[in-house]
Amino acid sequence: MKFHWALAIALAAVSSVGVEVSPAAAQSASQSEDLTKLSLDDLLSTEVTSVAKKPQRVDEAAAAVFVVSQEDIRRSGARTIPDVLRMVPGLEVADLPLGGAAVTARGFNGFSANKLLVLVDGRAIYMSALGGVLWDQQLIPLEDIQRIEVVRGPGATLYGANAVNGVINIVTKHSVDTLGVQVNAQADSKDGGTVSANVGTQLGADATIRLYATRRTLYDEAQGVGGLINDFEGGNQGGARIDVAPTDHDALTFQGDVQDGRNRLSAASGFVQLPPLSLVTSLPNANVFHGADILGRWTRTLDDGSGFSGQLYWDHVQRQELGLTGRVDQINFDFNHHFNLGPRNAVVWGVNYRSTWDDITGTPVIFVTPMKQQQTLYGAFIQDDITVVPERLTLSIGSKFDHNSVSGSDIEPSIRALWRSEHNWSVWAAISRAARTPSRFETDLTYFSPIALVSPNSDIRSEIMTAYEAGARMQLGPDVALDVTAYRQDYSRLISWGLAGFVPPFTPIVQYGNHGHGVSQGLEVELNAKITPTWTVKAGGNVLNLGITPGGLGTVLSDNAIDQGASPRAQASVRSLWNVTDDVDFDLWYRHVGKLETGPVPAYDDLMARLAWRPTAHIELSLIGEHLLSARRIEIVEPTEPFPVVVARQVGVKLAVRY
């Protein structure tokens, strides 16, 4: 089934639907949070919900948190969500072929970056059955995103399994903030482009709706055995969001999306590594995907500041890739409640349940057994934020208790402390434990090759990580703010390949197992400076030292070496945001990414330049130059992908029309 109709409907609505907008809603929709016009105090007081599952100021969070605002997104010149995430200190982002991306925090990057939990409006897009996020299927129009909250470090105490190295929550705009009509179109010199449209209107006095559709088409290049080959990505997504406020205390949200796409390479075969095995294969050189989701959420806020929320969603993904055809459906229920227990204790607790059904069809040489499986996960969490010294010292103690049908039970506690000085600085420290459940491909994969047999292993347990973190936030004057985080993360029971025996006479049997151990240590820095009333500089960077060791006899070293070498040891980013006039912006974004040992992939420097002009209050025209410091580069070599993608210099134009 194709979803081109979704874009056609939205575009037709742009030209034919009359939208009635109340004055208050119109004012809300027209206001854009221009970071260059905010004070640093305003930035630090931005409220987030991902750290504590309740509204909380950034400077009150005992965690390494970064907020990407809509203004950040608009001025980044980015075309995809992974491109936007490159500005977050400590995140690693690299382009993969066939429209994919490798995104992680604090190491272990790759197609299956399985230690980073990602949500959209509280709906997990991390696929536990597959062990990662399918970034090429995330086609949300960037203009519909309100903010992206990024928590580096474990968030398992509140979110449970797979929130090991971080949590990303993509928060879309309330439909009251998108009343009217908006159309965005972007094209670049690589003959690719994106077009999106949305229409928002009121449904009576207490409800609003947004309908949207987007189409993305990108033509890129990949490095094949015989040279450059074409890499094509095409996808469509459409959906709706309805927000209802039946009373002053209640808010209802209903959301749904549908998507489809096809990404392909022009070559018919390629060199594929399935570590520790390598072979030349003629596996299909394309992936095809379909998806749909429906979410309903009820939030109630009481006069005393307490409140609760409950949400239920269904998510469906169908995908064909590397000779495998998979279908995954999941139903998830979450309930959270926060309240004050006396003057010093703020408690948040909740329960969750998830059921997942998958059906994965393979080939005679690569398949999973059983093909169909149902997995369940249920759990509960509780956390108490204790005010030890009013307005100075806060202590947070909590734990998550999970049980899943794959690897059993996990306990994920944490303790966090935050000290706030009266002199515009604060320090925090935390000790946390997190777990990652094994994927279907780690427990149930069978793969025949000329040199080895990969066999299933149902005895795999969850990976475990214990993190020790400390950070400081300092306001170095009225216009300069510094945020520093240091951490050490100890990993045990890392899942990697191991030698399990031999098929007579000499064919080795290889299995996934909990063979590895590892340690990552690092430093993350963020600096914001308002140089003049119209010029802001935002800088960040990180250093990382990741070491992984095999667990015992029979462990295959190549898998650990790939994980260890897929992350740069150092990264840096500097963004210059200059309001030349009220109608003209000029932005520069420089990045440095260190070399990767896997590949190997050399270090690179990158520069983006953006010039935007608003001839009227409703129109913005942008000229964007990307990857200006190198004609071509490769950002990562992923062993399970046929070819590495080539990132090339390009120039693009973007038109945004809002009414």
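Just so it is clear, the model here is predicted, and its values are computed rather than measured.

A. Molecular detail of the overall build of the protein. A tally of helices and strands in the protein yields 8 helices and 40 strands. Residue burial in the protein is summarised as follows: out of 659 residues, 57% are buried. Carbon and sulfur atoms provide 62% of the accessible area of the protein, an area that totals close to 26,000 Å².

B. Representation of the sheet that holds strand β11 (residues 166-172). Spatial ordering of the open sheet is given by β3-β10-β11-β6-β7, a layout of 5 strands whose pairing is mixed. Sheet topology places β3 (64-69) and β7 (123-124) at the edges, where each strand pairs with a single neighbour.

C. Geometry of the nonpolar core. Judged by nonpolar contacts, the single largest core of 47 residues is most densely connected at Ile81, Leu85, Ile148 and Ile168. Where this core is concerned, the elements lending two or more residues are β3, α5 (81-85), β4 (91-95), β5 (101-105), β6 (116-120), β10 (145-152), α6 (156-159) and β11. The element best represented in this core is β6, accounting for 5 residues. Discounting residues that sit within four places of it in the chain, isoleucine 148 has contacts with Phe66, Val67, Val68, Ile73, Ile81, Val84, Leu85, Ile168, Asn169 and Ile170. Core analysis: the next-biggest nonpolar cluster, separate from the first, contains 13 residues, Ile360, Tyr447, Val454 and Trp497 among them.

D. Fine view of the environment of alanine 292. Within the secondary structure, alanine 292 is located in strand β19 (residues 286-301). Of the residues examined, alanine 292 reaches a relative accessible area of 17% and is grouped as buried.

E. Examining the pattern of salt bridges more closely. Counted under the stated rule, the structure contains 47 salt bridges. Residue aspartate 358 pairs with arginine 440 through a salt bridge whose shortest N-O separation is 2.8 Å. Residue aspartate 358 is found in strand β22 (residues 345-361), and its partner arginine 440 is found in helix α7 (residues 440-443); the two are separated by 82 residues along the sequence. Arginine 440 shares its class with aspartate 358; the two are buried.

F. Just the side chain of glutamate 524, in detail. Considering the arrangement of structural elements, one finds glutamate 524 in strand β32 (residues 507-532). For glutamate 524, the side chain forms a polar contact with the side chain of arginine 106, separated by 3.0 Å. A polar side-chain atom of glutamate 524 sits 2.7 Å from a polar atom in the side chain of arginine 152. With near-sequence residues (within four places) excluded, glutamate 524 lies in contact with Ala64, Gly90, Arg106, Arg152, Asp483, Val484, Thr485, Tyr487, Gly541 and Asn542.

G. Quick look at the pairing of strand β40 (residues 650-658). Across 7 bridges, the pairing between strand β12 (residues 180-188) and β40 is antiparallel. Bridging from a neighbouring strand, alanine 187 pairs with valine 653 of β40. Sheet topology note: the strand β37 (residues 619-626)/β40 ladder contains 8 bridges and is antiparallel. Bridge pairing links leucine 623 to valine 653 in β40.

H. Quick look at the packing of aromatic side chains. According to the stated counting rule, one finds 6 aromatic pairs in the structure shown. Between tryptophan 298 and phenylalanine 308 the ring centres are 5.1 Å apart and the planes differ by 90°, which places this aromatic pair in the edge-to-face class. In this pair, tryptophan 298 sits in strand β19 while phenylalanine 308 sits in strand β20 (residues 307-321), placing the two residues 10 residues apart along the sequence. Overall, the relative accessible area of 22% leaves phenylalanine 308 in the partly exposed class. Each ring, one from phenylalanine 308 and one from phenylalanine 335, has its centre 5.9 Å from the other, and the planes form 35°; the classification is tilted. Highlighted residues: phenylalanine 308 in strand β20 and phenylalanine 335 in strand β21 (residues 324-340), separated in sequence by 27 residues. Three or more aromatic residues link up through ring pairs in this structure, and these residues are Trp298, Phe308, Phe335 and Trp349. Sitting over the face of the ring of tyrosine 487, arginine 106 holds its NZ or CZ atom 3.9 Å from the ring centroid. The ring of phenylalanine 108 carries lysine 115 above its face, with NZ or CZ at 4.4 Å from the centroid.

I. View of unusual backbone geometry. The linkage connecting proline 504 with the following residue, proline 505, adopts the cis geometry, with an omega of 5°. Checked against the element boundaries, proline 505 lands in the loop between β31 (480-503) and β32. For the peptide bond that leads from glycine 599 to proline 600, omega is -15°, which places it in the cis range. Within the element layout of this structure, proline 600 appears in the loop between β35 (584-593) and β36 (604-616). Positive phi is not limited to glycine here, since asparagine 424 has a value of about 60°. Non-glycine residue arginine 493 carries a positive phi angle of around 60°.

J. How the structure looks around the pairing of β32. Note that strand β29 (residues 453-454) and β32 share 2 bridges and pair parallel. Residue pairing in the sheet places leucine 453 in a bridge with isoleucine 509 of β32. Two strands pair when backbone bridges link them, and β31 and β32 are joined in this way by 21 bridges, in the antiparallel orientation. Bridging across to β32, aspartate 483 finds its partner in glutamate 526. Remark: 3 residues form the turn of the hairpin made by β31 and β32, two consecutive strands paired antiparallel. As paired elements, β32 and strand β33 (residues 535-549) share 15 bridges and run antiparallel to each other. Within the sheet, the bridge partner assigned to lysine 530 lies in β33 and is threonine 536.

K. Highlighting the environment of serine 355. Along the chain, the position of serine 355 falls in strand β22. The buried category is assigned to serine 355, whose relative accessible area is 3%. As for serine 355 and tyrosine 378, which are separated by 23 residues in sequence, their C-alpha atoms are 8.6 Å apart. Not counting the four nearest positions on each side in its chain, serine 355 is found in contact with Asp329, Gln330, Ile331, Gln374, Gln375 and Thr376. Engagement of the side chain of serine 355 in a polar contact is seen with the side chain of glutamine 374, the distance being 2.9 Å.

L. Quick peek at the confidence of the model for the protein. Per-residue pLDDT for the protein has a mean of 85; in total, 86% of the residues score no lower than 70. Segment residues 1-32: pLDDT under 50, and 46 contacts once partners within four positions in sequence are set aside and those in other chains are kept.

M. Quick look at the environment of threonine 532. Within the secondary structure layout, threonine 532 lies in strand β32. Judged by relative accessible area, threonine 532 falls into the partly exposed class, the value being 31%. Among the polar contacts listed, one links the side chain of threonine 532 to the backbone nitrogen of tryptophan 535, at a separation of 3.1 Å.

What counts, and where the lines are drawn
- Residues numbered from 1 in each chain as written.
- Predicted model: local features only at pLDDT ≥ 70, side-chain atom pairs only at ≥ 80, totals over all residues.
- Heavy atoms only, no water.
- Helix = DSSP H or I, 4+ residues; strand = E, 2+ residues; numbered from the N terminus.
- Buried < 20%, exposed > 50% of the residue type's maximum accessible area, 1.4 Å probe, protein only.
- Areas by Shrake-Rupley, 256 points an atom, 1.4 Å probe, with all protein chains shown as cover.
- Pairing = 2+ DSSP bridges.
- Core = buried A, V, L, I, M, F, W, Y, C linked by side-chain atoms within 4.5 Å.
- Contact = heavy atoms within 4.5 Å.
- Salt bridge = Lys/Arg side-chain N within 4 Å of Asp/Glu carboxyl O.
- Polar contact = N/O pair within 3.5 Å; in protein donor to acceptor, adjacent residues only side chain to side chain.
- Phe/Tyr/Trp six-rings, centres within 6.5 Å; stacked < 30°, edge-to-face > 60°.
- Lys NZ or Arg CZ within 6 Å of the ring centre and 35° of its normal.
- pLDDT = per-residue confidence, 0-100.

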